[in-house]
Amino acid sequence: MPNLRNAAFRAGLETLYFTGAHRVLSPLWGGVGLIFTLHHVRPARKSRFQPNRLLEVTPEFLEGTILRLKRRGVDLVSMNELHRRLREQDFSRRFAAFTFDDGYKDNLEFALPILERHEVPFAQYVATSFPDRLGELWWVALERVVERADRIVIPIEGREHFFYCERTDQKREVFAQIYGWLRSLSDENEMRAAVRDLCDRYGVDPGAPCRELCMSWPEIEKMANSKLAIIGAHTVNHVMLKKWPREKALNEMRRSREVIEASLGRPCEHFAYPVGDPTSAAAREFELAQEAGFKTAVTTRPGVLFPEHRDYLTALPRVSLNGNFQALRFVDVFLSGAPFALWNRFQRVNAG
Ligand SMILES: [Zn+2]
């Protein structure tokens, strides 16, 4: 279960930090730079049931992270500069890039002022159906279903399954179970239909999260006007590309690029794979991103950058600034590369 994994991961980070093991591993495993993944940036909310909390950090944590990186002498660079340094193998200084996925309104409201105050370049990856107001943020829709229901019935392979979720601890458990089941489905259409059906039966508007949370085109344009911003592509429909036929996957990548270029009147050269784990982006997708002409493409596979990543520019790892681990001491642990060395079993590149 995710909660257990969180607890284990946190314990691992704490152990690395307090034993100083991260400092020992750092010279070999710290790499040359890293890319941070962020989603929401907004003040903490009070609700006890926040199963998607890993996808948000507070403005204070973002600012603290920036200040700590600067104090550690890390260059904060754009994805274009990161691409140049990898291509030219320019590793005279360590570097980090900030990237934000999906295109949330709170990025404009809370993150942009901080990034501007500290002159931090960043990339914002937009799934173009979101500003078109056609996006399905199915993971938020599922949260709303579990939040309001006391009991959920789901037909799975012809049998009805009952989930009891009156109490908060039950809601957390039920969300994790249903989320795990949805993600295990090989057909994403089936997955989305299941969430729409749940929304329908439990009175949740599946289109509301997109309208409430995502930037409109004028808002994206406002963000794009910052000289620090690069607007990258994130497919049209936020699909898990690996689960789709080749042509559909390539089309999702190309189309999102074209729509962004047409809307903003500037080139769109960087890409982020939606979800971005090995079940949604792997060898075929890394090739498709090249075929679609992107300079870089980022996954959510955990890791820091090594010189070898010059040959894997469309399979770059990232480090998630995760809402469940908002302690600045973890930034030092991330910089050491130690947790990712362990995660990747001491392989520098994980692009299979
Ligand atoms: Zn995304």
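So, here is what we can say about the structure in this document. (Residues numbered from 1 in each chain as written. Predicted model: local features only at pLDDT ≥ 70, side-chain atom pairs only at ≥ 80, totals over all residues. Heavy atoms only, no water.)

**Side note on helix H10 (residues 217-224)**
Okay, step 1: Buried residues of H10: Trp217, Ile220, Met223 and Ala224, and no others. Buried positions in H10, seen along its axis, are confined to an arc of 115 degrees and lie on one side of it. More than 90 degrees from the buried face of H10, the exposed residues found are Pro218 and Lys222. (Buried < 20%, exposed > 50% of the residue type's maximum accessible area, 1.4 Å probe, protein only. Helix = DSSP H or I, 4+ residues; strand = E, 2+ residues; numbered from the N terminus. Arc of directions from axis to C-beta.)

**A word on the nonpolar core**
Okay, step 1: In this structure, Phe36, Leu38, Phe98, Phe122, Met253 and Tyr273 are the most contacted members of the largest nonpolar core, which totals 69 residues.
Okay, step 2: Of all the elements, helix H11 (residues 246-264) adds the most residues to this core, at six residues. (Core = buried A, V, L, I, M, F, W, Y, C linked by side-chain atoms within 4.5 Å.)

**Remarks on the environment of Ile156**
Okay, step 1: Counting through the fold element by element, Ile156 comes out in strand S7 (residues 151-156).
Okay, step 2: Sequence separation between Ile156 and Trp181 is 25 residues, and the spatial gap between their C-alpha atoms is 9.3 Å.

**A few points about helix H6 (residues 138-148)**
Okay, step 1: Within H6, eight of the 11 residues are buried, leaving the element largely enclosed by the surrounding structure.
Okay, step 2: Residues of H6 that are buried sit in contact with strand S5 (95-102), S7, helix H7 (168-184), helix H8 (188-201) and helix H9 (208-213). (Contact = heavy atoms within 4.5 Å.)

**Let's talk about the coordination of the zinc ion**
Okay, step 1: Around the zinc ion, the protein contributes the donor atoms Asp102 (OD), His234 (NE2) and His238 (NE2), which lie 2.0 to 2.1 Å from the metal centre.
Okay, step 2: Donor residues for the zinc ion, ordered by position in the chain, follow D-x131-H-x3-H. We note that His234, like His238, is buried. (Donors = N, O, S within 2.8 Å, 3.2 Å for Na, K, Ca; no water.)

**Here we look at the packing of aromatic side chains**
The relation between two aromatic rings is expressed through the spacing of the ring centres and the mutual angle of the planes.
Okay, step 1: Taken as a whole and assessed by the stated rule, the structure comprises 11 aromatic pairs.
Okay, step 2: Between the aromatic rings of Phe175 and Tyr179, the centroid separation amounts to 5.8 Å while the plane-to-plane angle is 20 degrees, which identifies the pairing as stacked. Here Phe175 and its partner Tyr179 are both found in helix H7, four residues apart, which amounts to about one turn of the helix.
Okay, step 3: For Tyr179, a relative accessible area of 25% puts it in the partly exposed group.
Okay, step 4: Grouped by ring-pair contacts, the aromatic residues Phe49, Trp138, Trp139, Phe175 and Tyr179 constitute a single cluster.
Okay, step 5: Sitting above the plane of the Phe294 ring, Arg257 keeps its charged end 5.2 Å from the centroid.
Okay, step 6: Geometry around Phe330 places Arg329 over its ring, the cationic atom sitting 5.2 Å from the centre. (Phe/Tyr/Trp six-rings, centres within 6.5 Å; stacked < 30°, edge-to-face > 60°. Lys NZ or Arg CZ within 6 Å of the ring centre and 35° of its normal.)

**Overview of the packing of H6 against H8**
Okay, step 1: Orientation of H6 relative to H8, taken along the N-to-C sense of each, is 35 degrees, at an axis distance of 10 Å. As for the relative orientation of H6 and H8, their crossing is left-handed in sense. Each of Trp138, Ala141, Leu142 and Val145 in H6 lies in contact with H8, whose residues at this interface are Met191, Arg192, Val195, Leu198 and Cys199.
Okay, step 2: Looking at the contact of H6 with H8 residue by residue, the class counts come to eight nonpolar, no polar and one charged. (Axes fitted to C-alpha atoms, helices over the stretch in contact; angles between N-to-C directions. Left-handed = near helix turned anticlockwise from the far one by under 90°. Nonpolar A, V, L, I, M, F, W, Y, C, P; charged D, E, K, R; others polar.)

So yeah, pure geometry; function would need other evidence.
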